[in-house]
Each structure stands twice: as structure tokens, then as C-alpha cells.
Amino acid sequence: MSISVVATPFLLLPAFISMAQAAAVAVGVTGAAGVAVNENVGNLVKNEQEYIKMNEEIKRLLAKNDGKVSQEIIDLICREFETVFVDMGVLLKTLEEHGAQNIYVENGNISCEMEGFMLEFYKGEPTQEMAFPPYRMKITTRCDENSLETFIEDINSEYTMNSQEESYNKIKERLDKQNMRIEEEEVYDDNTIVLTVNID
Amino acid sequence: MKKQLKITLLPNGEIKMETKGVKGKKCLKYAELLEKLADAKIEKQEFTSEYYEQEVEEIQQQQNLYE
């Protein structure tokens, strides 16, 4: 063999960030719990305490504002995460497959409800460094860290699998158009797909 | 040796490719081809011994021309 190459489809954020990492970072930044998600039992207890504390704070703010939801409450509840999601089509497919409801798309931004979470996905402005910026995900529902972490991991894993499927279909279709023949196609237990293409 | 591309699609969305039996700089055009086939961006590229062996052959051929 003469060259070995690793490529990242434009469907994914080039510098691949796992959502678990993103979640942990976001928790640290917002100071909601001040610890990495699911690190140990002590942290779980702490997360639960933080969740209860947040609920109490919301009740207090609601009482202060005659039951009206103020910006202060929204800021307290909303959390934002970086994602690896770049392609709107793949993201919509992932959300639909995951049972999202009330999906709305406006100017490339997506909002939906899923597993009790109210979600908003919006894109940043393209920059010179990043022509295809990934979506940022905003969660506008109160939730505990454990269910949030599981939810984010599930969506992330489904998106990457859909991304793999999309790449597979594109590669097969384009190889065919160039009259390049696939000699062998293997699928491994971990869902890795290997295509052997003749180039004689 | 049969000339082949081995394209590996990983479950995490990454794509890997190896060329087999393609000598020298010619293999680089297949990296570009992969970008076009998958709408992807090359993140990492490694040359294997065969690539450099060919380079030596090409240099020797050039030296012979000057002699």
C-alpha cells in the first residue's frame, strides 16, 4: 500500500467532539453542577441536589414575578451545547427516527420536542476557518444531568450512524457513475463497512 | 500487484482509505477522489514505504538522465 488517509465527511464537525465531552464541558461552564457528568456516585447526588436547588430557585422567581416566566428563569433553565451535527437533512432524519414531534424548520434552524425535552438547533455564521459550522443545541426544558447525558449520547450515536449511511450511499453512487467497480463489500460486527474498489 | 482502494466507513462517521499497488505520487489523486466521493475533508494522511520506494526510483531515473 502506498497511502493511508483519514477523512471526515462534511456531515460531521471536522474536529470531532463527542457529545459526552460537550455535555461535561457545558456543565462546567454553566456551573449548574460544577462537575463532569456522571463521574461518580457523589457527583450524581450532587447533580440531584443542584436540580432540586434549581427547581426551588424557579419557584422563587415565579412567585416574585406573579407566576410569569421571566428572562431570569429562561436563562436558568436553558442550556446550550456544541454538537457535531452539520447536515440539516441527516439531523432531521435522526430527529424523526428518534421520535421527535412538532418539528419546525425556519431559516435552517430546527426546533422540536423529544423525550420531554424542548430542543432548538441553530447554526452559527460560517467563518474562514469553518465554512460549515455545526449546529448548536439549546435545551429549553428543565432536566436532570443523567437523563440529559443519555439523551445526548443517543442522538449523537444515531446521527453518526446516519452520517455513515449517507457517506456509504454517496460513495457507491459516485463510484458507479465513474464506472469504478466494487470488488468486495464487508460489514463487520461493529458496523464498520469496508469497500474494496478495483482501480486497474 | 492488483491496484485497489480500500475504503473503510467507521460507525463514528469517519472514513479511512488505503491504496494498494499504487506507486509514488499517483496515490495522492485517490485522496482527492475520496474527498469528492464522500464530500469529505482529509484530516490525516500517511505515506507508506511503497510511496518512498517509488520516490527513490524516480530520483534515480532523473539522475540517469543527467549523466
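Here, every reference points to the structure presented above.
Since we're looking at a predicted model, the values are computed, not measured.

Quick notes on the rules
Residues numbered from 1 in each chain as written. Chains lettered and ligands numbered in written order. Predicted model: local features only at pLDDT ≥ 70, side-chain atom pairs only at ≥ 80, totals over all residues. Heavy atoms only, no water. Helix = DSSP H or I, 4+ residues; strand = E, 2+ residues; numbered from the N terminus. Buried < 20%, exposed > 50% of the residue type's maximum accessible area, 1.4 Å probe, protein only. Contact = heavy atoms within 4.5 Å. Areas by Shrake-Rupley, 256 points an atom, 1.4 Å probe, with all protein chains shown as cover. Phe/Tyr/Trp six-rings, centres within 6.5 Å; stacked < 30°, edge-to-face > 60°. Polar contact = N/O pair within 3.5 Å; in protein donor to acceptor, adjacent residues only side chain to side chain. Pairing = 2+ DSSP bridges. Axes fitted to C-alpha atoms, helices over the stretch in contact; angles between N-to-C directions.

A. Highlighting the overall build of chain A. A tally of regular secondary structure across chain A gives 5 helices and 8 strands. Secondary structure elements of chain A, listed N to C terminal, follow the sequence β-α-α-α-β-α-β-β-β-β-α-β-β. Out of the 200 residues belonging to chain A, those deemed buried represent 40%. In chain A, once contacts between residues fewer than 6 apart in sequence are set aside, the share between residues at least 24 apart is 52%. Total accessible area computed for chain A in this model is approximately 10,800 Å², and 50% of it derives from carbon and sulfur atoms.

B. Summary view of the packing of aromatic side chains. All names here are of chain A. Taken as a whole and assessed by the stated rule, the structure comprises 3 aromatic pairs over all chains. Ring centres of Phe85 and Phe121 lie 6.2 Å apart, and the angle between their planes is 50°; on these two criteria the pair is classed as tilted. Of the two residues, Phe85 is situated in the loop between strand S2 (79-82) and helix H4 (88-97) and Phe121 in strand S5 (residues 117-123); the sequence distance between them amounts to 36 residues. Taken as a pair, Phe85 and Phe121 share a single burial class, namely buried. Taken together, a centroid distance of 4.6 Å and an interplanar angle of 40° make the contact between Phe85 and Tyr159 tilted. Linking Phe85 in the loop between S2 and H4 with Tyr159 in helix H5 (residues 145-177), this pair joins segments that are 74 residues apart in sequence. Put simply, the rings of Phe85, Phe121 and Tyr159 pair up and form one aromatic cluster.

C. Representation of H4(A). Residue and element names in this part refer to chain A. All of the buried residues in H4 are Val90, Leu91, Leu92, Thr94 and Leu95. As for H4, its buried residues are in contact with strand S3 (101-106), strand S4 (109-114), S5, strand S6 (135-139) and H5. Between the side-chain oxygen of the N-cap and the backbone nitrogen of Gly89 there are 3.0 Å, and the N-cap of H4 in question is Asp87. Two residues or fewer after H4 comes Gly99, characterised by a positive phi angle close to 85°.

D. Quick look at the environment of A:Leu91. Residue and element names in this part refer to chain A. Position of Leu91 among the secondary structure elements: in helix H4. Given the relative accessible area of 0%, Leu91 is considered buried. C-alpha separation for the pair Leu91 and Ile110, spaced 19 residues apart in sequence, amounts to 9.2 Å. When residues no more than four places from it in sequence are discounted, the contact partners of Leu91 are Phe85, Ile110, Phe121, Tyr135 and Tyr159.

E. The arrangement of the sheet that holds S2(A) in detail. All names here are of chain A. Pairing is antiparallel in the open sheet, where 5 strands are placed in the order S2-S6-S5-S4-S3. Single-partner strands in this sheet number two, and they are S2 and S3. The sheet shows a mean angle of 20° between the axes of neighbouring strands, taken without regard to direction. For S4 and S5, the ladder comprises 5 bridges, and the chain directions are antiparallel. Its bridge partner being in S5, Ser111 is matched across the sheet by Glu120. Across the sheet, H4 lies against S3, S4, S5 and S6, angled at about 10° from S4, the strand it touches most.

F. Spatial organisation of unusual backbone geometry. Phi at A:Asn179 is positive, roughly 55°, even though this residue is not glycine. With respect to the helices and strands, A:Asn179 occurs in the loop between H5 and strand S7 (182-187). Backbone geometry places B:Asp39, a non-glycine residue, at a positive phi of 50°. Examined against the element boundaries, B:Asp39 turns out to sit in the loop between helix H1 (28-38) and strand S3 (40-47). When its relative accessible area of 26% is taken as the criterion, B:Asp39 is described as partly exposed.

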